[in-house]
Amino acid sequence: QVQLVESGGGLVQAGGSLRLSCAASGRTFSNAVMGWFRQAPGKEREFVAYMSRSDGSTRYADSVKGRFTISRDNAKNTVDLQMNSLKPEDTAIYLCAAQKGGILTAGRWAYDYWGQGTQVTVSS
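Cut-offs used in this document
- Residues numbered from 1 in each chain as written.
- Predicted model: local features only at pLDDT ≥ 70, side-chain atom pairs only at ≥ 80, totals over all residues.
- Heavy atoms only, no water.
- Helix = DSSP H or I, 4+ residues; strand = E, 2+ residues; numbered from the N terminus.
- Rg over C-alpha atoms; globule rule 2.2 N^0.38 Å.
- Contact = heavy atoms within 4.5 Å.
- Areas by Shrake-Rupley, 256 points an atom, 1.4 Å probe, with all protein chains shown as cover.
- Lys, Arg positive; Asp, Glu negative; His and termini not counted.
- Charge placed at Lys NZ, Arg CZ, Asp CG, Glu CD.
- Phe/Tyr/Trp six-rings, centres within 6.5 Å; stacked < 30°, edge-to-face > 60°.
- Buried < 20%, exposed > 50% of the residue type's maximum accessible area, 1.4 Å probe, protein only.
- Lys NZ or Arg CZ within 6 Å of the ring centre and 35° of its normal.
- Disulfide = S-S within 2.5 Å.
- Core = buried A, V, L, I, M, F, W, Y, C linked by side-chain atoms within 4.5 Å.
- Salt bridge = Lys/Arg side-chain N within 4 Å of Asp/Glu carboxyl O.

Chemist: What's the story with the overall build of the chain in this structure? I'm lost.
Modeler: A count of helical and extended segments in the chain gives 0 helices and 11 strands. Its C-alpha radius of gyration of 13 Å places the chain within 12% of the 14 Å reference for a compact globule of 124 residues. Considering only contacts within the chain whose residues lie at least 6 apart along the sequence, 58% involve residues at least 24 apart. Accessible surface for the chain amounts to roughly 6200 Å². Of this, 48% is attributable to carbon and sulfur atoms. Each charge class in the chain can be summarised by its mean position, and for the 14 positive and 10 negative side chains these summaries are 2 Å apart.

So, in C-alpha cells, the structure goes:
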C-alpha cells in the first residue's frame, strides 16, 4: 500500500506562484509514474502533469504547459509541482497520484493511489 500526502496549497493572487509537494510512504518502490490532477467545484477531475521515475519524462496538460513544472526526488519519494503565473481558472483541489505500474498516460484509470488533495485558490 502507498500513502500520499500533499502540502503547499493556499490562496494566491493571479500571476503569483505556489509550490505543491507530495510525500509518498509505504511500498513506494513501485511508483514508476507519479502525477498531479486537479478538480474544480462541479467539474471532473482532470490531468495536470506526470513524471516517470525511470527516465524523468514528463507530460503536461495544455492548460498548464509553460507555467507549471513537475519534479521528483526519488530518494525522498516526493514529487513537487511548481506553479507560476497562476490564473483564477487554476483554482481547484490538487491531488497527487501514483501508479503501481509505469504507464505513461494522463488517464485517471492508470493511477492506483491518490492523496486527499490540497486546495489552491487564485484570486483575480
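Chemist: Mind showing me how you'd approach the packing of aromatic side chains here?
Modeler: Two aromatic rings are characterised by how far apart their centres lie and by the angle between their planes. Enumeration over the complete set of coordinates arrives at 5 aromatic pairs. Ring geometry for Phe47 versus Tyr50: centroids 5.8 Å apart, planes at 55°, classification tilted. Residue Tyr50 is classed as buried on the basis of its relative accessible area, which comes to 6%. Arg45 extends its terminal NZ or CZ atom over the ring of Trp114, reaching a point 4.8 Å from the ring centre.

Chemist: Hey, could you run me through the state of the cysteines in this one?
Modeler: What we call a disulfide is simply a covalent bond connecting the sulfur atoms of a pair of cysteines. Counted by the stated rule, this structure contains 1 disulfide. The disulfide partner of Cys22 is Cys96, and the gap between their sulfur atoms is 2.1 Å. For the disulfide bridge between Cys22 and Cys96, the dihedral angle about the S-S bond is near -80°, and by the sign convention the bridge is left-handed. Note that Cys22 is positioned in strand β3 (residues 18-26) and Cys96 in strand β9 (residues 92-98), a separation of 74 residues in sequence. The burial state of Cys22 is the same as that of Cys96; both residues are buried.

Chemist: I keep staring at the nonpolar core and nothing clicks. Help me out?
Modeler: Side chains of nonpolar character tend, in soluble globular proteins, to be buried together. Counting 37 residues, the largest nonpolar core has Leu4, Trp36, Leu81, Met83 and Tyr94 as the members making the most contacts within it. Every element with two or more residues in this core is listed here: β1 (2-7), β3, β4 (33-39), β5 (46-52), β7 (68-73), β8 (78-83), β9 and β11 (118-123). Beyond its immediate stretch of four places on either side in the chain, Leu4 contacts Cys22, Ala23, Ala24, Met34, Cys96, Ala97, Ala98, Tyr113, Trp114, Gly115 and Gln116.

Chemist: Just checking my understanding: could you explain the pattern of salt bridges for this structure?
Modeler: Side chains that differ in sign of charge can pair as their charged atoms come close. Applying the stated criterion across every chain, the model contains 6 salt bridges. One salt bridge in this structure joins Arg19 and Asp80, with 3.3 Å as the shortest N-O distance. Note that Arg19 is positioned in strand β3 and Asp80 in strand β8, a separation of 61 residues in sequence. Taking the shortest distance from any N to any O, the salt bridge between Arg67 and Asp90 comes out at 2.7 Å. Of this pair, Arg67 sits in the loop between β6 (58-60) and β7 while Asp90 sits in the loop between β8 and β9, placing them 23 residues apart in sequence. On the accessibility criterion, Arg67 (10% relative accessible area) is buried. Classification of Asp90 as buried rests on a relative accessible area of 1%. One connected set of salt bridges, linked through shared partners, spans Arg38, Glu46, Arg67 and Asp90.

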